[in-house]
Amino acid sequence: MECPICTCLSPSFPCHFCQRELDGYAFSSLWRERCPVCGSPMLSLAYPCRFCDARYQAYGPHLGLLRELMARYKTGGQRNLSRLFASLLVPLVPPGEGTYLVPVPASREGVRRRGFDQGLLLARSMRLPVARLLTRTSQGIQKRQDRFGRAKVIFKVKEQKLPSLRRLVVVDDVITTGSTMRSAISALEQQYRVPVTGLAVCLA
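Residues numbered from 1 in each chain as written. Predicted model: local features only at pLDDT ≥ 70, side-chain atom pairs only at ≥ 80, totals over all residues. Heavy atoms only, no water.

Regarding the nonpolar core
Threshold: Here, nonpolar core refers to any group of buried Ala, Val, Leu, Ile, Met, Phe, Trp, Tyr and Cys residues whose side-chain atoms link them within 4.5 Å. Burial status follows relative accessibility: with a 1.4 Å probe on protein chains alone, a residue under 20% of its type maximum counts as buried, one over 50% as exposed, and anything between as partly exposed. Put simply, DSSP marks the helices as runs of H or I at least four residues long and the strands as runs of E at least two long, and each gets a number from the N terminus on. Note on definitions: a residue-residue contact is assigned when non-hydrogen atoms from the two residues lie within 4.5 Å.
By size, the foremost hydrophobic cluster in this structure holds 31 residues, and its most contacted members are Leu 22 and Phe 85. Taken together, the elements giving at least two residues each to this core come down to α1 (16-23), α4 (64-74), α5 (81-89), α7 (118-125), β7 (167-175) and β8 (196-203). Per-element tally for this core: the top contributor is α5, with 6 residues. Not counting residues up to four positions away in its chain, the partners in contact with Leu 22 are Ile 5, Pro 14, Tyr 59, Leu 65, Leu 66, Leu 69, Leu 84 and Leu 88. Among the nonpolar cores identified, the runner-up in size contains 27 residues, and Phe 27, Phe 155, Ala 184 and Leu 203 belong to it.

Set out below in structure tokens:
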């Protein structure tokens, strides 16, 4: 098969050399400290654990190879990278039955521009149960802004029966300020009353 990164022919996906480079970008490789509570990678024990505090985490930083691959995925039309990103995220999903992935929906403008919803494709590529529970509200996009002056997204949660539901995991491609992820987590917690965490490929 063809490696999605370097396009060489390889028996593995991605090839061994590209996988080694990707492994070097993982927070689990970059950050040696571990949270004494949840075990998540930490830059320093002097700072709060992001996962315990904000309840979301990412595979690695939005830098170098990860940033290049994300650009190829979102703007370069290389949709097969969703499978690669999924392989990075699946090991970070809490084990156990009753877990549903909830993709952060792309904006209508983004879907028209790219031709696909990158968050939905990513979640489906993870081959775990997916529940499309979130919709963006026009009120939130038009009237509220974050501290950087950007539109702050407010989500409406759909009511849906999810058999054996025990946990929801919000899936996104890139976390920038964290406001979108926090908004999604909060909205889902209010509706479903189960543990909700967030997961993304990159943290900017």
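From this point, the narrative continues.
Section: the packing of α5 against α7
Using the following cut-off: In this analysis, axes come from line fits to C-alpha atoms, helices being fitted only over the stretch in contact, and the angle between any two N-to-C directions falls in the range 0 to 180 degrees. Throughout this description, any angle smaller than 35 degrees is read as roughly parallel, any larger than 145 degrees as roughly antiparallel, any in the 65 to 115 degree range as roughly perpendicular, and the remainder as oblique. In this scheme the handedness of a crossing depends on how the near helix is turned from the far one: anticlockwise by less than a right angle means left-handed, clockwise means right-handed.
Relative to each other, α5 and α7 sit at 60°, their axes nearing to 8 Å. With respect to α7, the element α5 is oriented oblique. Judged by the twist between their axes, the crossing of α5 over α7 is right-handed. For the pair formed by α5 and α7, the contact residues are Ser 82, Arg 83, Phe 85, Ala 86 and Leu 89 on the first element and Leu 121, Leu 122 and Ser 125 on the second.

Regarding the packing of α4 against α5
Under the convention used in this document: All amino acids are sorted into three groups, where Ala, Val, Leu, Ile, Met, Phe, Trp, Tyr, Cys and Pro are nonpolar, Asp, Glu, Lys and Arg are charged, and the leftover types, Gly among them, are polar.
It is at 10 Å that the axes of α4 and α5 come closest, and there the two elements cross at 135°. With respect to their mutual orientation, α4 and α5 come out oblique. Considering the relative orientation of α4 and α5, their crossing is left-handed. Between α4, through Leu 66, Leu 69, Met 70, Arg 72 and Tyr 73, and α5, the contact on the second element is made entirely by Leu 81, Ser 82, Leu 84, Phe 85 and Leu 88. Class assignment of the residues belonging to the contact of α4 with α5 gives a composition of 8 nonpolar, 1 polar and 1 charged.

A closer look at the state of the cysteines
Threshold: Here, a disulfide means two cysteine sulfur atoms that sit within 2.5 Å of each other.
Tallied over the entire structure, the rule returns 0 disulfides. Summary of cysteine pairing: Cys 8 is not part of a disulfide, and the nearest cysteine sulfur, belonging to Cys 6, is at 3.3 Å. For Cys 8, a relative accessible area of 30% corresponds to the partly exposed category. Free of any disulfide, Cys 35 has its nearest cysteine sulfur in Cys 52, 3.7 Å distant.

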